[in-house]
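Letter by letter, the chains look like this.
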Amino acid sequence: MKATTDEVTTIPVGGPTPYDVLVGNGLSQRLPPLVDGASTVALVSAGPVGGVVDRLADVLARSDHRVVRVEVVAGEAGKSLDSVADVWDAFGNAPLSRTDAVVAVGGGATTDLAGFAAATWLRGVRVVHVPTTLLGMVDAAIGGKTAVNTAAGKNLVGAFHPPAGVLVDLDLLDSLPVAEWVNGLAEVVKAGFVADPAILDAIEDDVAGARRPDGPSTRDLIERSIRMKAAVVSADLRETGLREVLNYGHTLGHAIERVEQFRWPHGHAVSVGLVFAAALGRAGGRLDAATADRHRTVLEALGLPTTYRSDVWPQLLDAMRVDKKARADRLRFVVLDGLARPGILEEPDMALLETAFAEVAR
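As the structure is a prediction and not an experimental result, all values here were calculated from the model.

*Asks:* Could you give an account of the overall build of the chain, with specific residues and numbers?
*Replies:* Across its full length, the chain carries 14 helices and 11 strands. What you see for the chain is a C-alpha radius of gyration of 20 Å, in line with the 21 Å of a compact globule of 362 residues. Viewed in the frame of its principal axes, the chain has a C-alpha envelope of about 60 × 45 × 35 Å. Counting over 362 residues, the chain shows a buried share of 57%. Within the chain, contacts between residues at least 6 apart in sequence are counted, and of these 74% link residues at least 24 apart. Summed over its atoms, the accessible surface of the chain is roughly 13,900 Å², and 52% of this surface lies on carbon and sulfur atoms. Separation between the mean location of the 36 positive side-chain charges and that of the 46 negative ones in the chain comes to 3 Å.

*Asks:* So what about the pattern of salt bridges? Which residues, and what values?
*Replies:* The final tally for this structure, using the stated rule, is 24 salt bridges. Across the pair Arg309 and Asp311 runs a salt bridge whose closest N-O atoms are separated by 3.0 Å. Across the pair Glu346 and Arg330 runs a salt bridge whose closest N-O atoms are separated by 3.3 Å. Pair noted here: Glu346 is in strand E11 (residues 342-346) and Arg330 is in the loop between helix H13 (313-320) and strand E10 (332-336), with a separation of 16 residues, a long-range link. By relative accessible area, Arg330 is classed as partly exposed at 38%.

*Asks:* Lay out the packing of helix H11 (residues 266-283) against helix H14 (residues 350-358) in plain terms, naming residues and giving numbers.
*Replies:* Two elements in contact, H11 and H14, have axes separated by 8 Å at closest approach and are oriented at 130°. Between H11 and H14, the angle falls in the class oblique. Crossing of H11 over H14 shows right-handed handedness. For the pair formed by H11 and H14, the contact residues are Phe276, Ala279, Leu280 and Ala283 on the first element and Leu352, Leu353, Thr355, Ala356 and Phe357 on the second. Looking at the contact of H11 with H14 residue by residue, the class counts come to 8 nonpolar, 1 polar and no charged.

*Asks:* Any details on the sheet that holds strand E2 (residues 19-24)? Residues and values, ideally.
*Replies:* Strand order across the open sheet formed by 7 strands is E1-E2-E9-E6-E5-E3-E4, with mixed pairing between neighbours. Of all the strands in the sheet, the pair left with one neighbour each is strand E1 (9-13) and strand E4 (66-71). Sheet twist, expressed as the mean angle between neighbouring strand axes with direction ignored, is 20°. Sheet strands touched by helix H3 (residues 81-93): strand E3 (40-45), E4 and strand E5 (101-106). Its angle to E4, the strand with the most contacts, is close to 160°. Across the face of the sheet, helix H9 (residues 218-235) comes into contact with E1, E2 and strand E9 (165-169) while running at roughly 20° to E1.

*Asks:* Outline helix H2 (residues 52-62), supporting the account with residue identities and numerical values.
*Replies:* Taken together, the buried positions of H2 are occupied by Val52, Val53, Leu56, Ala57, Val59 and Leu60. Summarising the axial view, the buried residues of H2 lie within an arc of 165°, below the 170-degree limit, and thus occupy one face. Following H2 by one or two positions, Asp64 has its phi on the positive side, about 70°.

*Asks:* I'd love a proper account of the nonpolar core, names of residues and values included.
*Replies:* If you look at the biggest cluster of nonpolar residues, it comprises 97 residues, and the most contacted ones within it are Val21, Ile222 and Phe276. Looking at this core element by element, the count peaks at 10 residues for H11. Other than its neighbours up to four places away in sequence, Phe276 contacts Leu252, Trp313, Phe333, Leu353, Ala356, Phe357 and Val360.

*Asks:* Any chance you could break down the environment of Arg55 for me, citing the residues and the numbers?
*Replies:* Turning to its location among the elements, Arg55 is positioned in helix H2. Residue classification places Arg55 among the partly exposed positions, given a relative accessible area of 42%. The spatial distance from the C-alpha of Arg55 to the C-alpha of Gln29 is 9.7 Å, given a sequence separation of 26 residues.

*Asks:* Would you mind going over the pairing of strand E8 (residues 153-160) in detail, with residue names and values included?
*Replies:* Alignment of strand E7 (residues 145-150) against E8, held across 5 bridges, turns out to be antiparallel. Bridge pairing in E8 links Ala147 to Gly158. Here E7 folds back onto E8, and the loop between the two strands holds 2 residues.

Scoring rules and cut-offs
- Residues numbered from 1 in each chain as written.
- Predicted model: local features only at pLDDT ≥ 70, side-chain atom pairs only at ≥ 80, totals over all residues.
- Heavy atoms only, no water.
- Helix = DSSP H or I, 4+ residues; strand = E, 2+ residues; numbered from the N terminus.
- Rg over C-alpha atoms; globule rule 2.2 N^0.38 Å.
- Buried < 20%, exposed > 50% of the residue type's maximum accessible area, 1.4 Å probe, protein only.
- Contact = heavy atoms within 4.5 Å.
- Areas by Shrake-Rupley, 256 points an atom, 1.4 Å probe, with all protein chains shown as cover.
- Lys, Arg positive; Asp, Glu negative; His and termini not counted.
- Charge placed at Lys NZ, Arg CZ, Asp CG, Glu CD.
- Salt bridge = Lys/Arg side-chain N within 4 Å of Asp/Glu carboxyl O.
- Axes fitted to C-alpha atoms, helices over the stretch in contact; angles between N-to-C directions.
- Parallel < 35°, antiparallel > 145°, perpendicular 65-115°, else oblique.
- Left-handed = near helix turned anticlockwise from the far one by under 90°.
- Nonpolar A, V, L, I, M, F, W, Y, C, P; charged D, E, K, R; others polar.
- Pairing = 2+ DSSP bridges.
- Arc of directions from axis to C-beta.
- Core = buried A, V, L, I, M, F, W, Y, C linked by side-chain atoms within 4.5 Å.

Right under this line is the structure:
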């Protein structure tokens, strides 16, 4: 049964520029206060997104905002410097002033791109995120990280630019394909292993329900994942320490995305990366076997991949060396010292890396 529009959960995100993540149903009317004072609002999206953009445009127009629609390419293919230049041109043609606002509507790639464009336009204009995928709701739209991809790697060009607010409208899940929901569950599982084991318990108690966007645990899984990320980024916006733990599974995951030229879904790549990171922790004597094995069991039960082709190991190594966590070409991995006990493993022996990769290689 759906929550009513008055059942809205507010999850605060602290830091130098605090904001709230609102979770509930029918949140369109919550948008105008977040862009109060803006004459023009640029709605950035990869198309109409199932009518969401139309609804938001209507709400903004009725609040006396001038709306400019900016369409971008969907997915990781749209996170390019060329795409950013197109968005900047649209902002200039609007024109978008420093007191105006950007609203990003879509998945994580769209909020990343629109957020970066907002961060760099006039040295920073206000942005509000309306994520339409599970990945966007629990991860990309929260935390103020904005970025685009280059030939050198994923998300290497970016800026920290916290949003004015995030609207996680659960109604948008009605039109989300099950495959895209499952893709996003990789980030939910990550949150469970890194900080909140109750997430894993909820999934294991009802795997079939967890695999559906309309399942009974949907809201709880989303809110728990958001609370975990909000707590981490509140304490460490610029990833100087604690925030690194959010990259659990992402060092290999991002390398897979780069090798696959971003044709692999992000959640699939992270899923393999999580199993690899668990194997690395176990091989290094830091993680118990039961917790390491639990990674594969949970992810496979949800329908996520846990293996990757073995013939590209050298390319994966090269890609990992330009990962954001690397220091002077020294590989760094987030590993677990136990359930919900993340830590850092720096420059592991090649034999250790190969042992861990053997557990995901096919």
